[in-house]
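Observations on chain architecture
Below, each chain spelled out in residue letters.
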Amino acid sequence: EIDRLRIRNAELEGRAAEADRLAALLNFRDAQAVVPMVAARVIGGSPDSGSFVVYINRGSRAGVRRDMGVITPDGVVGKIIAVYSDTSQVLLINDKDSGVGALLAASRTQGVVKGTGKPQLSMDYVSNDIKVSPGEILLTSGQDRIFPKDLPVGTVVEAMPDRKTPFMQINVRPAAHLDRLEEVLILQTRQDLDLKKEADVSSSPATPPAPAKPATVTQ
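Here is a short report on the structure shown in this document. (Residues numbered from 1 in each chain as written. Predicted model: local features only at pLDDT ≥ 70, side-chain atom pairs only at ≥ 80, totals over all residues. Heavy atoms only, no water.)

Considering the overall build of the protein
Heads up, the rule is: Here a strand is any run of E in DSSP of at least two residues, a helix any run of H or I of at least four, and the numbering for each starts at the N terminus. For each residue, the accessible area found with a 1.4 Å probe, counting protein chains only, is set against the maximum for its type, and the residue is called buried under 20%, exposed over 50%, and partly exposed in between.
Helices and strands together make up the secondary structure of the protein, namely three helices and 12 strands. Per-residue burial for the protein yields a buried fraction of 38% across its 219 residues.

This is the structure:
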């Protein structure tokens, strides 16, 4: 009986965590109602330990196409690299073959955020003359023609001048939780998102989501 109750308790905790994630996803989606996007569930990952690719349950039938940006309410996740009828592959931004046009929020200095094949990212092509501090926020620049401007990319963990090149060495922690993705949003346009509006919605008193809405998002 105790074992049965423990299993039941774990199931309830899992459902509560899922409800919280879906509520955040719905709040973000509602705040960006004018921006076309498709919700999807992560259904698998790459068997190659050196490849950061996940599979989602949306494909061409849902209007998904190659090179569409993939995000969560926390920030940039990656881009679509292969599309099938009902599934797609997403290349995560921490894959070595991934890159995102980005800028430093404080100085608006532009560079490129690249995957390292590890949990952290790197930002390249920022001059040694630029002051970069740990904790500084990185946003999308819109120059890669995949993501609109000013979406969260990550946070500077460490920045130091490189004596061998004119560019700094900048380590970045991703804004999105790439190691525990379960639901994502696929941007069907490069239209800018109103993140201030989304923040206002998030800070308003929480209301329980309607029972039907989570089912709609995760179909």
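There's plenty left to go through after this.
Description of the pairing of strand 5 (residues 88–92)
Cut-off, in case you're wondering: Two strands pair if DSSP finds at least two bridges between them.
Of all five residues that make up strand 5, five are buried, and the element is covered over most of its length. In strand 5, alternate side chains face the same way, and those of S88, V90 and L92 on one face and Q89 and L91 on the other are all buried. Taken together, the four bridges between strand 2 (residues 53–56) and strand 5 define a ladder with antiparallel strand orientation. Bridging from a neighbouring strand, Y55 pairs with Q89 of strand 5. Here strand 4 (residues 75–83) pairs with strand 5 via five bridges, running antiparallel.

Structural notes on the sheet that holds strand 8 (residues 121–124)
To keep things clear, this is the line we draw: Only the contacting stretch of a helix is used when fitting its axis, a line to C-alpha atoms as for every element, and angles between N-to-C directions run 0 to 180 degrees.
Taken together, six strands build a closed barrel; the order of strands is 6-7-8-11-10-9 and the barrel is antiparallel. Along the sheet, successive strands turn relative to each other by an average axial angle of 40°, direction set aside. One ladder, built from three bridges, connects strand 8 with strand 11 (residues 169–174); its direction is antiparallel. Within the sheet, the bridge partner assigned to L121 lies in strand 11 and is V172.

Overview of the sheet that holds strand 3 (residues 69–72)
The strand order 1-2-5-4-3-12 describes a closed barrel built from six strands, whose pairing is antiparallel. Averaged over neighbouring strand pairs, the angle between their axes works out to 45° when direction is ignored. Bridging between strand 3 and strand 12 (residues 183–187) involves two bridges; their strand directions are antiparallel. Opposite I71, over in strand 12, you have L185 as the bridge partner.

So, the side chain of E136
To keep things clear, this is the line we draw: Think of it this way: Lys and Arg go in the positive column, Asp and Glu in the negative one, and His and the chain ends go nowhere. By definition here, a salt bridge exists when the distance from a side-chain nitrogen of Lys or Arg to a carboxyl oxygen of Asp or Glu is within 4 Å.
Examined against the element boundaries, E136 turns out to sit in the loop between strand 8 and strand 9 (137–140). Despite its burial, E136 pairs with no opposite charge, the nearest such side chain being K131 at 8.6 Å.

Re the pattern of salt bridges
Taken as a whole and assessed by the stated rule, the structure comprises six salt bridges. The partner of R61 in a salt bridge is D86, with the nearest N and O atoms 3.5 Å apart. Linking R61 in the loop between strand 2 and strand 3 with D86 in the loop between strand 4 and strand 5, this pair joins segments that are 25 residues apart in sequence. On the basis of relative accessible area, R61 is assigned to the exposed category, the value being 69%. For D86, a relative accessible area of 40% gives the class partly exposed. Across the pair K79 and D67 runs a salt bridge, and its minimum N-O distance is 3.8 Å.

As for the nonpolar core
Test applied: Put simply, a nonpolar core is a bunch of buried Ala, Val, Leu, Ile, Met, Phe, Trp, Tyr and Cys residues held in one set by side-chain atoms that sit within 4.5 Å of each other. The contact criterion used throughout is that any non-hydrogen atoms of two residues lie within 4.5 Å.
Judged by nonpolar contacts, the single largest core of 43 residues is most densely connected at M123 and I186. A total of five residues in this core trace back to one element, the largest contributor, which is strand 1 (residues 37–45). When neighbours within four sequence positions are excluded, I186 is seen to be in contact with P36, M37, V38, A40, I56, R58, V64, M68, G69, V70 and I80.

With respect to the environment of P161
For P161, the location among the structural elements is in the loop between strand 10 (152–160) and strand 11. Since its relative accessible area comes to 55%, P161 is described here as exposed. With 34 residues separating them in the primary sequence, P161 and S127 have C-alpha atoms 8.4 Å apart. Every residue in contact with P161, bar those within four places of it in the chain, is listed here: N128 and M168.

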